[in-house]
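Secondary and tertiary structure notes
Chain by chain, the residues:
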Amino acid sequence: MKIVIFCFILINSIFAAEYYAKLEPIESYKIKSAVAGKVVFSNTKIEGFKASNSTIIELDSKVNKMDLQQSRNKLKYINEMITIETNNYNRLQKVSSKSVFEKDTQKLKTINLKSSKADMIIKIENLKDTIKNKKLIEKSNYISMIAVKEGDYVNPGTLLYESKDLSKAKLEIFVPIMEVENLKEKTVYLDGVKSDVKINKIYNTADTQNISSYKVQLLVPNVKVFSRLVKIEFK
């Protein structure tokens with residue numbers, strides 16, 4: 001008798017297509033440091049608020065900027081030296097009394113300078129990338145947590161802050177594999193209210209924990225309150 005009642009409840013719940021899920025931001029990010037350095041600015045005042053092209057964390061880049069300026073100067077000098085040595089080589093080529101060895105020696109000077117130029121260009125680009133990675137700016141995400149404070153020293157991989165994209169919300173539910181196709185053409189009701197929400201994504205592999213179910217994702221626009229439980233019905 002108990003088995004019959006259980007089966008009836010199970011069948012009834014499947015056909016009712018009723019689920020519950022927490023309304024979560026469409027994306028959550030954990031921002032980690034790409035470089036090492038001392039924290040010179042930590043925007044703790046923005047924690048719990050949305051950013052607006054705001055600097056969140058800045059690491060000390062004073063030495064990197066000095067190195068970048070000097071490297072650019074060195075590149076300028078190398079270019080001048082390449083011009084001079086190339087002109088010298090072209091003149092040697094026209095002098096018949098000069099040996100092949102002398103001409104090749106002059107050519108090697110130009111080649112070595114060009115190699116130094118290539119190395120310097122790579123160094124400059126790496127420095128620019130390092131400086132960029134030491135100042136983290138958020139355009140519009142909600143800053144949920146800042147993990148470091150001014151004066152801290154961080155290494156690559158250190159968590160700096162967490163942010164969330166609140167432009168939309170997502171609801172993720174686990175639907176029995178055999179029922180997924182039946183949901184695609186149905187209307188979605190949220191907390192008993194008819195909505196225009198559609199299925200955004202169906203993960204067509206069984207979930208590792210819910211082994212007989214596919215994960216189904218719904219996207220919800222214009223959400224005011226996140227992290228609340230929502231009843232989802234397909235009718």
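Up top is the structure these notes are about.
Numbering of residues starts from 1 in every chain and runs along the sequence as written. The predicted origin of the model limits local features to residues at a pLDDT of at least 70 and limits the giving and counting of side-chain atom pairs to 80 or more, whereas totals for whole chains, interfaces and linings rest on all residues. Excluding hydrogens and water, the side-chain figures rest on all heavy atoms present in the structure.

A look at the overall build of the protein chain
Strands are runs of DSSP state E lasting at least 2 residues, helices are runs of H or I lasting at least 4, and numbering of each runs from the N terminus. Counting its secondary structure elements, the protein chain contains 4 helices and 13 strands. Only C-alpha atoms enter the radius of gyration, while the globule expectation follows 2.2 Å times N to the 0.38, with N the number of residues. Over its C-alpha trace the protein chain gives a radius of gyration of 31 Å, far above what one expects of a compact globule, namely 18 Å for 235 residues. The principal-axis extents of the C-alpha atoms in the protein chain amount to approximately 110 × 45 × 30 Å. Residue burial is assigned from relative accessible area. The probe radius is 1.4 Å, only protein chains are included, and a residue is buried under 20% of its type maximum, exposed over 50%, and partly exposed in between. When burial is assessed residue by residue, the protein chain has 34% of its 235 residues classed as buried. Contacts are residue-level and defined by heavy atoms, with any inter-residue pair within 4.5 Å sufficient. If you take every contact in the protein chain between residues at least 6 apart in sequence, the share linking residues at least 24 apart comes to 75%. As presented, the protein chain carries roughly 15,600 Å² of accessible surface, and 54% of it is formed by carbon and sulfur atoms. Here the accessible surface of atoms and residues is derived via Shrake-Rupley with a 1.4 Å probe, and residues count as covered only by protein chains that are part of the display.

With respect to the sheet that holds strand E9 (residues 188–190)
Strands pair in a sheet through their backbones, by hydrogen bonds, and they do so in one of two ways: parallel or antiparallel. If you trace the 4 strands from one edge of the open sheet to the other, you get E1-E13-E9-E10, paired in antiparallel fashion. Edge positions in the sheet fall to strand E1 (18–22) and strand E10 (193–194), since each of these pairs with one other strand and no more. Strands pair, by our definition, only if DSSP identifies at least two bridges between them. Examined bridge by bridge, E1 and strand E13 (residues 229–234) share 5 bridges and lie antiparallel to one another. Among the inter-strand pairings, Tyr19 is bridged to a residue of E13, identified as Ile232.

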